[in-house]
Amino acid sequence: MDFLVLFLLYVFLVLLSILCCALSGRKHSFPSKVVAWGTQVRHVLLCIVPAQVLKAPHRLFHTRYCSLIPSCAFRLHSQCSVSYFHSLCRNCFFVVLNVALEVLVYGEYSWEVCGYCRELEFHALLLLLPYLLLLLNLGFFLLCCKSNPGIITQCNQTLFLHVYTYDGVMFKKGMVCPTCDVRKPARSKHCGVCNSCVHRFDHHCVWVNNCIGAFNTRYFLLYLLTLMAMAAAIAAITATFLVQVVILSDMMLGLYLDDQGREHPVNVIFLIQHLFLTFPRILFMLGFVLVVALILGSYFCFTLYLILTNQTSNEWFKSAGCQRSCSQPCSRHGGYKNIYSRGAWGNVLEVVRPLSSTGEKRR
């Protein structure tokens, strides 16, 4: 049972890591306190690391538009530089972690699983499926990282002001962002990480180092879909390989001896122990991709629900706290009434062809 306990501990650590990632954006959370504790270390690094080194990862993973990042952000001894480097360290860590996890999973899949599957004469197209999904996922990942989510500036704010109607509850007319100094269109929000207002703001995704807004929600949905398909495909192929090993070896028909020397028929617990002893890395990888596929599948369904109902994550969380004292946008049952929904098909089209000007506004 040692390896079974080790596997359960491994799954627990994976879930704990995901929980820490989910809490990392909240104020007063433990991860945020750790980041705050490391600020003094970054002050020292600012005096050592050249400005060009700080610019390189930002240009690779995150392109800004309309010169949103001023040149003073790269002066090593300025306050802007400290703030920028704080955000850079926080965001790029998850991007690098994302890439590192994919490299580890695909390394194990290519090194061991594919080799064993070829010996068992698995179809070549089946073994190539995860690699095809990886290429698609990489494309959508770069689109999420590099695309403009709908950043609102003083130059283009008039294009967004009349796209959506103000509901008077979550979005009130005449509001001005004190940071960007722009009038806030309905359904927009200021992102503290990107330091800019975003049209139809959904959330800031640390895994792609970019905001998810009106213009890249479609890419983010496809990124989630391909990532979930990658994890599911690798899990299915790996599980099929292990089942084939058990069937071909007639392991379930055998007997084993316990500590007292008595014979017992092979059961599931003994089988799991034997597979851990024989294929420990493969079992670890299988457990990881199964957990990831389950989590991604749940989040993909939630994101799809938001799209079909024409909501954003920001609006969904805000609507949960809507008071019964709301006026028009509240239903007779006291809950928040979504005034932006145009039916399931119209809501999907709005994500595929996002609204960006008054002329495109659907009535």
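The rules behind the values
Residues numbered from 1 in each chain as written. Predicted model: local features only at pLDDT ≥ 70, side-chain atom pairs only at ≥ 80, totals over all residues. Heavy atoms only, no water. Helix = DSSP H or I, 4+ residues; strand = E, 2+ residues; numbered from the N terminus. Buried < 20%, exposed > 50% of the residue type's maximum accessible area, 1.4 Å probe, protein only. Contact = heavy atoms within 4.5 Å. Areas by Shrake-Rupley, 256 points an atom, 1.4 Å probe, with all protein chains shown as cover. Pairing = 2+ DSSP bridges. Patch = residues over 30% accessible without salt bridge, like charges linked within 9 Å, V, L, I, M, F, W, Y side chains within 5 Å. Salt bridge = Lys/Arg side-chain N within 4 Å of Asp/Glu carboxyl O. Core = buried A, V, L, I, M, F, W, Y, C linked by side-chain atoms within 4.5 Å. Phe/Tyr/Trp six-rings, centres within 6.5 Å; stacked < 30°, edge-to-face > 60°. Expected span 1.5 Å × (residues − 1). Polar contact = N/O pair within 3.5 Å; in protein donor to acceptor, adjacent residues only side chain to side chain.

1. Section: the overall build of the protein chain
- On a plain count of helices and strands, the protein chain comes out with twelve helices and seven strands.
- Across the 363 residues of the protein chain, 44% fall into the buried class.
- Across the protein chain, the fraction of contacts at a sequence separation of at least 24, relative to all contacts at a separation of at least 6, is 66%.
- Total accessible area on the protein chain is roughly 20300 Å²; 67% of this is exposed by carbon and sulfur atoms.

2. Focus on the sheet that holds strand S2 (residues 189-191)
- Taken in spatial order, the three strands line up as S1-S3-S2 in an open sheet, and their pairing is antiparallel. On the outer flanks of this sheet lie strand S1 (151-152) and S2, each paired with one strand and no other.
- The pairing of S2 with strand S3 (residues 196-198) spans three bridges and is classified as antiparallel. Paired with Lys189 across the bridge in S3 is Val198.

3. Some words on unusual backbone geometry
- Phi angles above zero are rare outside glycine, and Arg200 is one such case at about 50 degrees.
- Looking at the element boundaries, Arg200 is found in the loop between S3 and strand S4 (203-205).

4. Some remarks on a nonpolar patch on the surface
- Taken together, Leu125, Leu128, Leu132 and Leu135 make up a surface patch of nonpolar side chains, about 430 Å² in accessible area.
- Exposure remark for Leu125: the relative accessible area of 59% places this residue in the exposed category.

5. Considerations on the nonpolar core
- In this structure, Tyr109, Val208, Tyr223, Phe241, Phe279 and Val289 are the most contacted members of the largest nonpolar core, which totals 46 residues.
- Counting residues per element, this core draws most heavily on helix H8 (residues 217-248), which supplies 15 residues.
- Each residue touching Phe279, except ones within four places of it in the same chain, is listed here: Tyr116, Phe241, Leu242 and Val245.
- One finds Val163, Tyr166, Met170 and Phe171 within the second-largest nonpolar core, a separate group that totals nine residues.

6. Digging into the pattern of salt bridges
- Under the counting rule described, the total for this entry stands at five salt bridges.
- A salt bridge links Glu315 to Arg187; the shortest N-O distance between them is 2.6 Å. Here Glu315, found in helix H11 (residues 313-320), pairs with Arg187, found in the loop between helix H7 (157-160) and S2; they are 128 residues apart in sequence, far enough to count as distant. As far as the burial class goes, Glu315 and Arg187 line up, both buried.
- As a salt-bridge pair, Glu350 and Arg200 come within 3.8 Å of each other at their nearest N and O atoms. With a gap of 150 residues between them, Glu350 in helix H12 (residues 344-352) and Arg200 in the loop between S3 and S4 connect regions that are remote in the sequence. Each member of the pair, Glu350 as well as Arg200, is classed as buried.
- In this structure, a network of salt bridges that share partners links the residues Arg187, Arg200, Glu315 and Glu350.

7. A short note on the packing of aromatic side chains
- Evaluated as defined, the whole model comprises 17 aromatic pairs.
- Summarising the aromatic geometry, the rings of Phe171 and Tyr340 are spaced 6.5 Å apart at their centres and angled 65 degrees between planes, so their arrangement reads as edge-to-face. In this pair, Phe171 sits in the loop between H7 and S2 while Tyr340 sits in the loop between H11 and H12, placing the two residues 169 residues apart along the sequence.
- Classification of Phe171 by relative accessible area gives buried; the value is 5%.

8. Points about H8
- Relative to the 46 Å expected for 32 residues at 1.5 Å per residue, H8 spans 46 Å between its end C-alpha atoms, a close match to the ideal helical length.
- Just past H8, the residue Asp250 takes up positive phi, approximately 50 degrees.

9. Overview of the side chain of Thr226
- Within the secondary structure, Thr226 sits in helix H8.
- A polar contact of 2.9 Å, which involves the side chain of Thr226, links it to the backbone oxygen of Leu222.
- One polar contact links the side chain of Thr226 to the main-chain carbonyl oxygen of Tyr223, over a distance of 3.0 Å.
- Not counting residues up to four positions away in its chain, the partners in contact with Thr226 are Leu133, Leu136, Asn137 and Phe140.

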